[in-house]
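Coordinates in review
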Amino acid sequence: MTDRELLTSVVGSHAHPGWFVAGIAGAERGELGPADLSEMLDDAVDLAIRDQEEAGIDVITDGEMRRAGFFTAEFYHHLTGVRALPSDRLLGAGGHDQQHRFEVVEPIAAPKGLGVVGEFLAARPRTGRPLKVTLPGPFTLSGRLRTGPGEIYETRVAAAEAFVEILQAELRALVDAGAEIIQIDEPSPAIHPDAGADFAALFNAVIEPARGRARLGAHLCFGNYLGRPLAARSYRPIRDAMLGFHVDELVLEFANREMAEIELLRELTDAGRDVAAGVVDVKNYHLETADEVARRIDAILATGVPPGRLALLPDCGFSQTARWATTAKLHALVAGRDLVRAGPANGVERPATQEETAR
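First, a word on scope: everything that follows refers to the structure included in this document. On a predicted model such as this, the values are computed, not experimentally measured, just so you know.

Moving on, we come to the pairing of strand 4 (residues 181–185). With five of its five residues buried, strand 4 lies for the most part within the structure. A two-sided burial pattern is seen for strand 4, the buried positions comprising I181, Q183 and D185 on one face and I182 and I184 on the other. Sheet analysis places strand 3 (residues 132–136) next to strand 4, joined by five bridges and oriented parallel. Bridge assignment links V133 to a residue of strand 4, and that residue is I182. Of the strand pairs in this sheet, strand 4 and strand 5 (residues 215–220) are connected by five bridges, and their pairing is parallel. What sits directly across from I181, in strand 5, is R215.

Structure follows, in structure tokens:
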């Protein structure tokens, strides 16, 4: 194998170290000035990049360290026309129903953009490696807005459609700024397969300004808030919807599901898509060994997926994972990939993974 096959990457977010969590909390209390906050965010991006580079990751991100909160939270700060709502549940075990929600008081807009261009421009000079930029898709963003009869947007699909123009503008500005690798995070088809939305049409409308100008990917997962999925974990029902996305690469999770459905990866590459497969489980504090990761990669390659069309990464982002586990898993990812590139060692089989032993 060549060094251009089986490239490693990450889905997007990086672990939040303790000092960063304390700093964000202090900023929310008004204890940091703008210069203090800017310095802290720069340091957080530097840490995320350094952790990835030291592990040997080929295609990195800025760790999404400039985005406060989980996944979509930061983007609503850039919107006009919304007002925060109190959570219905404040006590008990943390869950998806405790996340931020908003009332829409007038049609939404983002007159100054969603902030992703600024993130890219701040991160680009901080590394010499290929840099991937991530942002959520329209249906995913619409999930935090209150919809229904009498609301500005009567349905979630209508709210998603309102994000299309906003996201188009962000993508157009990103490629104008020089972004070459862009991933749209749209887990909603897998989480809400019966939503009645034309996911592909929404998605393709969003990415139209960037098609042919950047390498585009779509990340579909099953949820990862507090390390918990939010859906029945099967891609099979949305296979055709995924293939309707006009992207170069589909980014999917497998390690957390004991590598179930890996045969689907061959179907996707046969249909002309590159694939990025999750071979490290971010929702589990079991620390994979290089051999375990290598066996997972071997299993994917055994389906006939061409090595040049396969990238390797964690299942999801690391924002819900402690940093000590994050760095260990990144190193295992690269070490496992390197074992596969080197080929079988003297004909000795690699030890079986936990999922293989359980079968």
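Next comes the rest of the account.
Empty space among the atoms can be located by rolling a probe the size of a water molecule over them. For the coordinates displayed, the defined rule picks out two cavities of 30 Å³ or more. By volume, the largest cavity amounts to about 80 Å³. Along its surface, the largest cavity is lined by D62, E64, R67, V116, E119, F120, A123, L131, K132, V133 and T134. Mapped onto the lining of the largest cavity, the elements with two or more residues apiece are helix 3 (116–123) and strand 3. Per-element tally for the lining of the largest cavity: the top contributor is helix 3, with four residues. Looking at the lining of the largest cavity residue by residue, the class counts come to five nonpolar, one polar and five charged. Put simply, the second largest cavity is a space of about 40 Å³.

We now examine the environment of R215. Following the sequence through the fold, R215 ends up in strand 5. Taking the C-alpha atoms as reference points, R215 and P86, 129 residues apart in sequence, are found 39 Å from one another. Not counting residues within four places of it along the chain, the set of residues in contact with R215 comprises E180, I181, I182, D248, E249 and D274.

Moving on to the pairing of strand 7 (residues 274–280). Extensive coverage of strand 7 is indicated by the burial of seven of its seven residues. Bridge analysis of strand 6 (residues 249–253) against strand 7 gives five bridges, and the strand direction is parallel. Residue L250 lies in a different strand from strand 7, and its bridge partner there is V275. Assessed by its sense of winding, the connection that carries the chain from strand 6 through helix 9 (residues 263–270) to strand 7 is right-handed. Here strand 7 runs beside strand 8 (residues 310–314); their pairing, made up of five bridges, is parallel. Directly across from V280, in strand 8, lies its bridge partner P314. After leaving strand 7, the chain enters helix 10 (residues 290–301) and then returns to the sheet as strand 8, a path that is right-handed.

Here the focus is the side chain of N224. Here N224 lies in the loop between strand 5 and helix 8 (239–243). For N224, a relative accessible area of 7% translates into the label buried. At 3.3 Å, the side chain of N224 forms a polar contact with the backbone oxygen of G317.

A surface patch of nonpolar side chains, amounting to about 340 Å² of accessible area, comprises Y285, L287 and W324. As for its position among the elements, L287 is in the loop between strand 7 and helix 10.

Grouped together as the largest cluster of nonpolar side chains are 98 residues, with contacts concentrated most on L174 and I182. Sorting elements by how many residues they give to this core places helix 5 (residues 156–177) first, with ten residues. The residues contacting L174, other than those within four sequence positions of it, are V116, V117, F120, V133, L135, A179 and I182. Residues V11, V251, A276 and L313 belong to the second largest nonpolar core, which totals five residues.

Cut-offs used in this document
- The written sequence of each chain sets the order in which its residues are numbered from 1.
- Selection of residues for local features in this predicted model requires a pLDDT of at least 70, selection of side-chain atom pairs for listing and counting requires 80 or more, and totals for whole chains, interfaces and linings are taken over all residues.
- Derived side-chain values reflect all non-hydrogen atoms in the structure, with water molecules and hydrogen atoms excluded from consideration.
- Buried residues are those whose accessible area, probed at 1.4 Å on protein chains only, stays under 20% of the maximum for their type, while exposed residues exceed 50% and partly exposed ones sit between those limits.
- Put simply, DSSP marks the helices as runs of H or I at least four residues long and the strands as runs of E at least two long, and each gets a number from the N terminus on.
- At least two DSSP bridges between two strands are required for those strands to pair.
- Put simply, the grid is 1 Å and covers the protein atoms alone, a cavity is a trapped set of points that fit a 1.4 Å probe, a pocket is an open set with protein on both sides within 12 Å along at least five of seven lines, and lining residues have an atom within 4 Å of a point.
- Grid points are joined across faces, edges and corners, and a volume is the space filled by probe spheres set on the points.
- In this count, Pro and Cys sit with the nonpolar residues alongside Ala, Val, Leu, Ile, Met, Phe, Trp and Tyr, while Asp, Glu, Lys and Arg are called charged and the others, Gly among them, polar.
- We call two residues contacting when some pair of their heavy atoms lies within 4.5 Å.
- Here, the term right-handed applies to a crossover whose path from the first strand over the helix to the second runs clockwise when the strands point away from the viewer.
- We define a polar contact as two N or O atoms separated by no more than 3.5 Å, with the added condition that, inside protein, one atom must be a possible hydrogen donor and the other a possible acceptor, whereas residues neighbouring each other in sequence contribute only through side-chain atom pairs.
- Here a patch means residues that are over 30% exposed by relative accessible area and free of salt bridges, tied together within 9 Å if like-charged and within 5 Å if nonpolar (Val, Leu, Ile, Met, Phe, Trp, Tyr).
- The accessible surface values rely on the Shrake-Rupley method and a 1.4 Å probe; as for residues, cover is taken only from the protein chains in view.
- Any Lys or Arg side-chain nitrogen found within 4 Å of a carboxyl oxygen on Asp or Glu counts as a salt bridge.
- Here, nonpolar core means buried Ala, Val, Leu, Ile, Met, Phe, Trp, Tyr and Cys residues that are tied together by side-chain atoms lying within 4.5 Å of each other.

That's the geometry; what it means functionally is another story.
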